[in-house]
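# Summary of structural features
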Amino acid sequence: MIFEVYHCECKMNVKFKSISVVIPAHNEAKTIESVIKDVYAYFNFKLLDLNLSLVVVDDGSADGTAALLKRLKTDVPCLETITHPQNLGYNVSLADGIFYCSEKKDVDIIVTFDADGQHFVEDIKRIMLPIENGEADYVIGARNPLPRLFEKFVARIVGVKDATCGLRALKRDISYIFKNENVYGAESIIKARMEGFKVKEVSIKTRERLHGKPIHLSFNDAFRLLKIILLRLKKIFVENPKS
């Protein structure tokens, strides 16, 4: 399967009736309020007639994020929260949010969006467009340039421009590809490819993170990531050379 970078003008009348946005968060009290309100306002005023749910996965935050989310429910009635009593990591938070949304039978599409304020809400429509047009089942945002060397390495191994971007969109019925996700979204791309789903990338813009610390892979994470990817690629290209 070919991974394409999709450029669009974003003139879209959304056909989807129900959209869930998953936002993993760990100690993002300084940014999460503005992120939630921006996403909510964008859908509320730009993409009308939608059944919207904003699902924030609070991953054991210790900076007041939980209390802030509780207060925000008054202003953002579609806000739902999943709370981890301790920090389980970005991968688990992402998967928990996606699986929670996939249990809602009326959900058409699931969008993932980072809590650190680096994404632009306008790009949400951009990443949904290929699915809207029937050109993709799974869409990944592509940053340029990638901020870290290791991310460039992962992207090259996976065969995409950006394998670890947090801004994504997927059809609800392919959410199972995130089961046992260990590599910040990279493994789900390989799984989608193995299952024959259409995957596209969409160029997006990002801004500098103003607060908090970015996620960094430990040596063990990096070793596990490399091992998983090599095994997947072996299965794709050696065991199934025509796929």
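The coordinates are above.
Fair warning: this is a prediction, and the values are worked out from it, not measured in the lab.

## What about unusual backbone geometry?
- Residue Asn144 is joined to Pro145 through a cis peptide bond whose omega torsion reads 0°.
- Relative to the helices and strands, Pro145 is located in the loop between β6 (138-142) and α5 (149-158).
- Its identity is not glycine, yet Asn27 carries a phi of approximately 55°, on the positive side.
- Topologically, Asn27 is positioned in the loop between β2 (18-25) and α1 (32-46).

## Observations regarding the pattern of salt bridges
- A complete count under the given rule lists eight salt bridges for this structure.
- Notably, a salt bridge pairs Glu151 with Arg143, separated by 2.9 Å at the nearest N-O pair.
- Taking relative accessible area as the criterion, Arg143 reaches 14% and is therefore assigned buried.
- Salt bridges linked by common partners bring Arg143, Arg148, Glu151 and Asp162 together as one network.

## A look at the packing of aromatic side chains
- A full pass over the atoms with the stated rule returns four aromatic pairs.
- Arranged with centres 6.0 Å apart and planes meeting at 80°, the rings of Tyr42 and Phe43 form a pair that is edge-to-face.
- The class for Tyr42 is buried, based on a relative accessible area of 8%.
- Plain terms: the ring middles of Tyr138 and Phe178 are 6.0 Å apart, the flat faces sit at 75° to each other, and that makes the pair edge-to-face. Within this pair, whereas Tyr138 is found in strand β6, its partner Phe178 is found in the loop between β7 (168-171) and α6 (186-194), the two being separated by 40 residues in sequence.
- On the accessibility criterion, Tyr138 (0% relative accessible area) is buried.
- Of note, Lys205 hangs over the ring of Phe120, and the distance from its end group to the ring centre comes to 5.5 Å.
- The cationic tip of Arg207 hangs over the ring face of Phe120; the distance from NZ or CZ to the ring centre is 4.2 Å.

Here is what the cut-offs are and how they apply
- Residues numbered from 1 in each chain as written.
- Predicted model: local features only at pLDDT ≥ 70, side-chain atom pairs only at ≥ 80, totals over all residues.
- Heavy atoms only, no water.
- Helix = DSSP H or I, 4+ residues; strand = E, 2+ residues; numbered from the N terminus.
- Salt bridge = Lys/Arg side-chain N within 4 Å of Asp/Glu carboxyl O.
- Buried < 20%, exposed > 50% of the residue type's maximum accessible area, 1.4 Å probe, protein only.
- Phe/Tyr/Trp six-rings, centres within 6.5 Å; stacked < 30°, edge-to-face > 60°.
- Lys NZ or Arg CZ within 6 Å of the ring centre and 35° of its normal.

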